[in-house]
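# Survey of secondary and tertiary structure
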Amino acid sequence: MTGEAVDHWYVLILFVSVASMTAVKSASVETRQDDLLATVPLTDGHNDWPDKMFDLARYQLDQLDLYSWSETQTDINRLRQGQVGAQFWAVYTSCSTQYSDAVRACLDQVDVIHRFVAKYPEAFRLVTTADGIVSAFNASLVGSLIGIEGGHCIDSSLATLRMFYDLGVRYLTLTHNCDTPWAENNKRDDTNSSFIGLTDFGKDVVREMNRLGMLVDLSHVSKATMVAALQTSQAPVIFSHSSAYELCPKSRNVQNDVLNMTKANGGIVMANFYPPFVSCSDFATMSDVADHIDYIKNYIGVDYVGIGGDFNGIEITPVGLEDSSKYPDLIGYLRTDRGWSDADLRKLAGENFLRVFRAVEQVSRDLAATMTPLETRLTGQQLGNTTCRSITD
């Protein structure tokens with residue numbers, strides 16, 4: 001063989017060796033990643049899939065194949081690929097329904113969640129407790145929880161709040177992007193017009209949620225509402241789909257002083273994937289999302305951060321986190337590129353949320369001995385709009 005031929009063979013052997021080592025490394029990372037998510041139920045705090053069922057099919061489940069639904073960012077196949085252990089399905093209706101048919105619209109979505117879970121029992125299980133999440137996970141089912149995204153869904157009624165709890169709802173976002181008669185929303189911070197956060201009735205909503213064992217969700221609310229809720233709640237709160245204000249100063253994100261209050265409260269911030277709230281632009285990557293997760297971890301500790309992707313409620317997604325199949329990629333990226341330990345990744349994926357949920361359940365049990373259902377009512381003047389009401393006192 002000529003010297004040139006020997007050089008070619010050397011280069012070829014070196015190339016094959018490097019490629020083989022890379023393949024082995026990738027396989028090893030993939031195996032570890034899969035193993036980790038087999039030990040803890042990856043829990044996402046917010047997915048608007050039920051609203052897509054209305055937008056695209058008017059809740060006609062017989063028209064849909066939920067195993068493969070390419071028009072949305074979620075389906076059963078992608079949930080399985082994403083190793084999702086538990087998912088909060090969001091109940092959402094537009095702020096335009098406030099003072100009219102918000103309760104009915106939200107009941108329609110609660111109903112469709114119950115129905116799709118029942119239609120696909122080999123894929124989903126409706127759960128209402130932390131132990132239920134673990135049980136569904138152990139049965140290889142997606143633990144399906146219900147969260148209401150917007151206080152206007154309860155129509156300023158503690159009785160309606162209680163009935164939603166009985167139907168399986170386990171969190172209420174105190175507002176969406178509109179005020180209720182008792183809570184201010186995040187858009188007030190954009191105009192410096194947030195003053196009280198929660199009224200006395202709003203504080204009673206939080207207290208009644210504590211009594212019931214319903215999670216108080218502070219995504220979408222104004223900073224003053226965040227502070228008032230954190231000062232009122234005896235149980236840990238959640239931010240079901242919010243990120244770090246310090247990295248992207250949007251009113252939907254959580255400022256440092258509120259992060260500190262959330263830590264003191266024992267709550268959790270579940271990082272959002274929506275590019276305008278991640279990079280403050282219409283473009284973001286998995287790395288940008290990881291920056292927010294890292295920031296919350298480094299600022300208040302790994303015990304207070306989780307994941308709340310907001311799939312199907314966002315029209316654009318980060319590169320690398322396009323749909324519900326991508327969670328393992330995020331877990332792998334945090335391990336290999338950001339140096340996260342497996343123990344910390346388990347906390348991020350699900351252990352932190354389970355801790356919060358169990359603490360909320362314990363507060364409810366503690367209050368059961370001393371607190372009865374609150375009977376506070378708003379008058380017509382306090383409601384502000386009584387157009388669709390027959391009783392206003």
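Analysis parameters
Residues numbered from 1 in each chain as written. Predicted model: local features only at pLDDT ≥ 70, side-chain atom pairs only at ≥ 80, totals over all residues. Heavy atoms only, no water. Helix = DSSP H or I, 4+ residues; strand = E, 2+ residues; numbered from the N terminus. Rg over C-alpha atoms; globule rule 2.2 N^0.38 Å. Buried < 20%, exposed > 50% of the residue type's maximum accessible area, 1.4 Å probe, protein only. Areas by Shrake-Rupley, 256 points an atom, 1.4 Å probe, with all protein chains shown as cover. Lys, Arg positive; Asp, Glu negative; His and termini not counted. Charge placed at Lys NZ, Arg CZ, Asp CG, Glu CD. Disulfide = S-S within 2.5 Å. Pairing = 2+ DSSP bridges. Right-handed = clockwise from strand over helix to strand, strands pointing away. Salt bridge = Lys/Arg side-chain N within 4 Å of Asp/Glu carboxyl O. Phe/Tyr/Trp six-rings, centres within 6.5 Å; stacked < 30°, edge-to-face > 60°. Lys NZ or Arg CZ within 6 Å of the ring centre and 35° of its normal. Axes fitted to C-alpha atoms, helices over the stretch in contact; angles between N-to-C directions. Left-handed = near helix turned anticlockwise from the far one by under 90°. Contact = heavy atoms within 4.5 Å. Nonpolar A, V, L, I, M, F, W, Y, C, P; charged D, E, K, R; others polar. pLDDT = per-residue confidence, 0-100. Polar contact = N/O pair within 3.5 Å; in protein donor to acceptor, adjacent residues only side chain to side chain.

The helix and strand tally for the protein chain stands at 15 helices and 9 strands. In terms of C-alpha radius of gyration, the protein chain reaches 23 Å, essentially the compact-globule figure of 21 Å for 393 residues. Counting across all 393 residues of the protein chain, residues that qualify as buried make up 56%. Summing over all exposed atoms, the protein chain offers an accessible surface of approximately 16,200 Å²; the carbon and sulfur share of this is 51%. Each charge sign in the protein chain was given a centre, from 32 positive and 49 negative side chains, and these centres are 5 Å apart.

Throughout the structure, instances matching the rule amount to 3 disulfides. Note on cysteine connectivity: C106 is disulfide-linked to C153, with sulfurs 1.9 Å apart. A residue pair is termed long-range when its members are at least 10 positions apart, and C106 in helix α4 (residues 102-119) and C153 in the loop between β4 (142-149) and α6 (158-166) qualify at 47 residues. Of the two residues, C106 and C153, both sit in the buried class. Covalent S-S linkage joins C248 and C280, the inter-sulfur distance amounting to 2.1 Å.

Counted residue by residue, β4 has 8 buried out of 8 residues, so it is predominantly covered. Note that strand β2 (residues 84-91) and β4 share 6 bridges and pair parallel. Across the sheet, A86 pairs through a bridge with G143, a residue of β4. Inspection of the sheet shows strand β3 (residues 124-126) paired to β4 by 3 bridges, in the parallel sense. By the bridge assignment for β4, R125 is matched with G143. Taken together, β3, helix α5 (residues 130-138) and β4 form a β-α-β motif whose crossover is right-handed.

Quick look at the pattern of salt bridges now. Side chains bearing opposite charge may pair, as long as their charged atoms lie close to each other. Within this structure, the stated rule accounts for 18 salt bridges. Put simply, R358 and D131 hold a salt bridge, and the shortest N to O gap is 3.2 Å. In this pair, R358 is assigned in helix α14 (residues 342-367) and D131 in helix α5, connecting sequence segments 227 residues apart. Exposure remark for R358: the relative accessible area of 35% places this residue in the partly exposed category. By relative accessible area, D131 is classed as exposed at 52%. Sharing partners across several salt bridges, the network here consists of D75, R78 and D323.

With that out of the way, let us pick up the packing of aromatic side chains. Tallied over the entire structure, the rule returns 18 aromatic pairs. With centroids separated by 6.3 Å and ring planes inclined at 55 degrees, the aromatic side chains of W49 and F124 adopt a geometry described as tilted. Of this pair, W49 sits in helix α2 (residues 49-57) while F124 sits in strand β3; the two residues are 75 residues apart in sequence, bridging distant segments of the chain. Summarising the burial analysis for this pair, W49 and F124 share the class buried. On the numbers, 5.2 Å between centres and 70 degrees between planes, the contact of F116 with F124 is edge-to-face. Of the two residues, F116 and F124, both sit in the buried class. Joined through ring pairs, the aromatic side chains of W49, W69, W89, F116 and F124 make up one cluster. The ring of Y165 carries the charged tip of R170 above its face, separated from the ring centre by 3.6 Å.

With that out of the way, let us pick up the packing of helix α10 (residues 256-265) against helix α12 (residues 286-300). With their axes 10 Å apart at the nearest point, α10 and α12 run at an angle of 65 degrees to one another. Here α10 and α12 pass one another in a crossing that is right-handed. Within the contact between the two elements, α10 uses N256, L259, N260 and K263 and α12 uses Y295, Y299 and I300. Among the residues forming the contact of α10 with α12, the class breakdown is 4 nonpolar, 2 polar and 1 charged.

Further remarks concern the confidence of the model for the protein chain. On average, the protein chain scores 92 in pLDDT, and the residues at 70 or more come to 91%. Long-range and interchain partners of residues 1-32, a stretch whose pLDDT sits below 50, account for 6 contacts in this model, where long-range means more than four residues apart.

Moving on, we get to the environment of V227. Looking at where V227 falls in the secondary structure, it is placed in helix α9 (residues 223-232). Sequence separation between V227 and A123 is 104 residues, and the spatial gap between their C-alpha atoms is 39 Å. Sequence-distant contacts of V227, that is, excluding residues within four places in its chain, are made with V258 and M261.

Let us now look at the environment of R389. With respect to the secondary-structure elements, R389 resides in the segment after α15 (380-383). In this structure R389 comes out as partly exposed when scored by relative accessible area, which is 26%. For the pair R389 and Y99, spaced 290 residues apart in the sequence, the C-alpha separation amounts to 8.4 Å. In contact with R389, other than residues within four places in its own chain, are D155, S156 and L383. A distance of 2.9 Å separates the side chain of R389 from the side chain of D155, its partner in a polar contact.

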